[in-house]
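# Coordinates in review
If you want the building blocks of each chain, they are given just below.
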Amino acid sequence: MSPQEPSRHDIGIIRPQLRAEDFRQRGEGVPKEHLRKIKKGLRTLHTLETMAQNIYKFQLTRKPSELNHQLTAAMCNEMTHLQDFQVKLYEYGWKPSKWRWTYWIVGWVFGFFSRMMSVKAILKTGIWVETKAVEHYAALLETIPWDDETRKVVEKNQADEHGHINRWRALLEARKAGTHS
């Protein structure tokens, strides 16, 4: 899926509803090689979503604005992704990477320094990071033997990242046209 490609997912839903019966233990009967790939993929996605939510968190300012409104929604959406992958890790009986804190710092750096530079830097950072995320999701969807339920979560989260790209591009274009502050 390219960054401009339409999605079959409703990206307007920031936090999909979950019920107790939606959770289950996973991995029984799955070949070890598949489990190894799934674990690596889930840890990768969880770690990168840690970075993404921090980028948006540290781009926020106190100023009431459409940008801050959109950054808050994007941060909440990334927090949902983080939870999605953490839950999947635990459903398989695994834990997040011990090194995820390094990506927390990377998210802080991208978020804080883009905020210090300009609104344009915030939007361009968002476009760049989310484009990389979409590409990363595509590679993981292609190379990892996900179970159907986990694949749907990964696909929905990838669609959300497309939505972020489109949102940041629209705000950047509005800014260029002088129709948005």
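### Considering the overall build of the protein chain
Across its full length, the protein chain carries 5 helices and 0 strands. Taken along the three principal axes of its C-alpha coordinates, the protein chain extends 55 × 35 × 30 Å. Taking all 181 residues of the protein chain together, 44% fall into the buried category. Relative to all contacts within the protein chain whose residues are 6 or more apart in sequence, the contacts with residues 24 or more apart total 83%. In the structure as shown, the protein chain presents an accessible area of about 10300 Å², 58% of it carried by carbon and sulfur atoms. Separation between the mean location of the 29 positive side-chain charges and that of the 21 negative ones in the protein chain comes to 8 Å.

### Observations regarding the side chain of T150
Along the chain, T150 turns up in helix α5 (residues 148–177). Relative accessible area serves as the criterion here: at 1%, T150 is assigned to the buried category. Sequence-distant contacts of T150, defined by excluding residues within four places in its chain, comprise R26, L42, K88 and Y92.

### Some details on helix α3 (residues 100–117)
An ideal rise of 1.5 Å per residue puts 26 Å on 18 residues; α3 measures up with 26 Å between its terminal C-alpha atoms. For α3, the set of buried residues is G107, G111 and S114. Down the axis of α3, the buried set is contained in an arc of 75 degrees. They therefore lie on one face. The elements touched by buried residues of α3 are α1 (32–59) and α4 (119–143).

### Regarding a nonpolar patch on the surface
A surface patch of nonpolar side chains, about 840 Å² in accessible area, is lined by W99, W101, W104, I105, W108, V109, F113 and M116. Here W99 lies in the loop between α2 (66–91) and α3.

### Points about the packing of α2 against α4
Across the interface, α2 lies against α4 with an axial gap of 13 Å and an inter-helix angle of 25 degrees. Between α2 and α4, the angle is such that the two are roughly parallel. Considering how the two elements wind past one another, α2 and α4 form a crossing that is left-handed. For the pair α2 and α4, contact is made by L67, L71, E78, H81 and F85 and by V119, I122, L123, E130 and Y137, respectively. In the contact of α2 with α4, the residues fall into 7 nonpolar, 1 polar and 2 charged.

### Quick notes on the pattern of salt bridges
Scanning all chains against the criterion turns up 10 salt bridges. Across the pair D147 and R26 runs a salt bridge, and its minimum N-O distance is 3.0 Å. With D147 in the loop between α4 and α5 and R26 in the segment before α1, this pair connects stretches of sequence that are 121 residues apart. A salt bridge links R36 to E33; the shortest N-O distance between them is 2.6 Å. A residue pair is termed a helical-turn pair when its members lie 3 or 4 positions apart in one helix, as R36 and E33 do in helix α1 at 3 residues. Classification of E33 by relative accessible area gives partly exposed; the value is 40%. When salt bridges with common partners are traced through the structure, they connect R24, R26, K88, E91, D147 and E149 into a single cluster.

### Quick look at the environment of N157
The topology assignment puts N157 in helix α5. Sequence-wise, N157 and A133 are 24 residues apart; in three dimensions their C-alpha atoms are separated by 9.9 Å. When sequence neighbours within four positions are dropped, the list of residues in contact with N157 reads H81, D84, F85 and Y137.

What counts and what doesn't
- Residues numbered from 1 in each chain as written.
- Predicted model: local features only at pLDDT ≥ 70, side-chain atom pairs only at ≥ 80, totals over all residues.
- Heavy atoms only, no water.
- Helix = DSSP H or I, 4+ residues; strand = E, 2+ residues; numbered from the N terminus.
- Buried < 20%, exposed > 50% of the residue type's maximum accessible area, 1.4 Å probe, protein only.
- Contact = heavy atoms within 4.5 Å.
- Areas by Shrake-Rupley, 256 points an atom, 1.4 Å probe, with all protein chains shown as cover.
- Lys, Arg positive; Asp, Glu negative; His and termini not counted.
- Charge placed at Lys NZ, Arg CZ, Asp CG, Glu CD.
- Expected span 1.5 Å × (residues − 1).
- Arc of directions from axis to C-beta.
- Patch = residues over 30% accessible without salt bridge, like charges linked within 9 Å, V, L, I, M, F, W, Y side chains within 5 Å.
- Salt bridge = Lys/Arg side-chain N within 4 Å of Asp/Glu carboxyl O.
- Axes fitted to C-alpha atoms, helices over the stretch in contact; angles between N-to-C directions.
- Parallel < 35°, antiparallel > 145°, perpendicular 65-115°, else oblique.
- Left-handed = near helix turned anticlockwise from the far one by under 90°.
- Nonpolar A, V, L, I, M, F, W, Y, C, P; charged D, E, K, R; others polar.

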